[in-house]
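Okay, here's what each chain looks like letter by letter:
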Amino acid sequence: LLAYAAENSAPDVLLIDYQLGQHSNGLDLYQQLQVYWQGVPGILVSASPQADLARQAQRLGLLFLAKPIKPAALRASLNQINLLKRQAAE
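## A word on the nonpolar core
Grouped together as the largest cluster of nonpolar side chains are 14 residues, with contacts concentrated most on Leu 14, Ile 16, Leu 27, Leu 33, Trp 37, Leu 44 and Leu 62. Counting residues per element, the ones that place at least two in this core are β1 (14-17), α2 (26-33) and α3 (53-59). The residues touching Leu 44, leaving out its near neighbours within four places in the chain, are Ile 16, Asp 17, Tyr 18, Gly 26, Leu 27, Leu 53, Ala 57, Leu 62, Leu 63, Phe 64 and Leu 65.

Pasting the structure below:
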């Protein structure tokens, strides 16, 4: 994804899983992507029982959704991101 980000324009939003493997997680990946796609809004999703994960995501400017993700919660999060983007553009 980082190689892709270096060569391509930013998406409208990032939906990132927290658990990406043994040595990587979604919070780290989001920070790395900011080098290429600064300010792209994102949603961190996870089934991790880590108590402060939502707070860590919020500190980076990410929304947080716990798995299993309900369609209505995802839709509401995407609507919130769109609203914030519209407000920033005004």
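## With respect to the sheet that holds strand β5 (residues 63-66)
One open sheet accounts for 3 strands, arranged β1-β4-β5; its pairing is parallel. The sheet is open, and its two edges are formed by β1 and β5, each paired on a single side. Here the strands of the sheet are splayed against their neighbours by 25° on average, with no regard to which way each runs. Relative to β5, strand β4 (residues 42-46) runs parallel, the two sharing 4 bridges. The partner of Ile 43 across the bridge, within β5, is Leu 63. The strands touched by α2 within the sheet are β1 and β4, with β1 carrying the most contacts at an inclination of about 145°. Strands in contact with helix α4 (residues 71-89) are β1, β4 and β5; relative to β5, the strand with the most contacts, it is inclined by about 175°.

## Topic: α2
Considered for burial, the residues of α2 that qualify are Gly 26, Leu 27, Leu 29, Tyr 30 and Leu 33. All buried residues of α2 lie within an arc of 160° about the axis, which places them on one face of the element. Its side-chain oxygen placed 2.9 Å from the backbone nitrogen of Leu 27, Asn 25 serves as the N-cap of α2.

## Section: unusual backbone geometry
Note that the residue after Lys 67, namely Pro 68, is joined by a cis bond; omega there is 0°. Here Pro 68 is to be found in the loop between β5 and α4.

## Concerning the pairing of β1
Along β1, the buried face is formed by Leu 14 and Ile 16; none of Leu 15 and Asp 17, which line the opposite face, is buried. Bridge count for β1 against β4 is 4 bridges, and the pairing is parallel. Pairing of Ile 16 across the sheet is with Leu 44, part of β4.

About the criteria used
- Throughout, a residue's number is its position along its own chain's written sequence, starting from 1.
- In keeping with the predicted nature of the model, local features appear solely for residues at pLDDT of at least 70, side-chain atom pairs appear and are counted solely at 80 or more, and the whole-chain, interface and lining totals rest on all residues.
- To get the side-chain values, all heavy atoms of the structure are used, and hydrogens and water are removed first.
- We define the nonpolar core as a collection of buried residues of types Ala, Val, Leu, Ile, Met, Phe, Trp, Tyr and Cys that are connected through side-chain atoms lying within 4.5 Å of one another.
- Only protein chains enter the calculation, and the probe is 1.4 Å; a residue is then buried if its accessible area is under 20% of its type maximum, exposed if over 50%, and partly exposed in between.
- Strands here mean DSSP runs of E at least two residues long; helices mean DSSP runs of H or I at least four residues long; both are numbered from the N terminus.
- Every residue pair with non-hydrogen atoms within 4.5 Å of one another is taken to be in contact.
- At least two DSSP bridges between two strands are needed for those strands to be called paired.
- Lines fitted to C-alpha atoms define the axes here, with helix axes fitted over just the stretch in contact, and angles between the N-to-C directions of these axes take values from 0 to 180 degrees.
- When we speak of the arc, we mean the arc of directions from the helix axis to the C-beta atoms.
- Whenever a nitrogen or oxygen atom comes within 3.5 Å of another N or O atom, the pair is scored as a polar contact, on the condition that within protein one atom can donate a hydrogen and the other can accept it, and that pairs from neighbouring residues in sequence are kept only if both atoms are in side chains.

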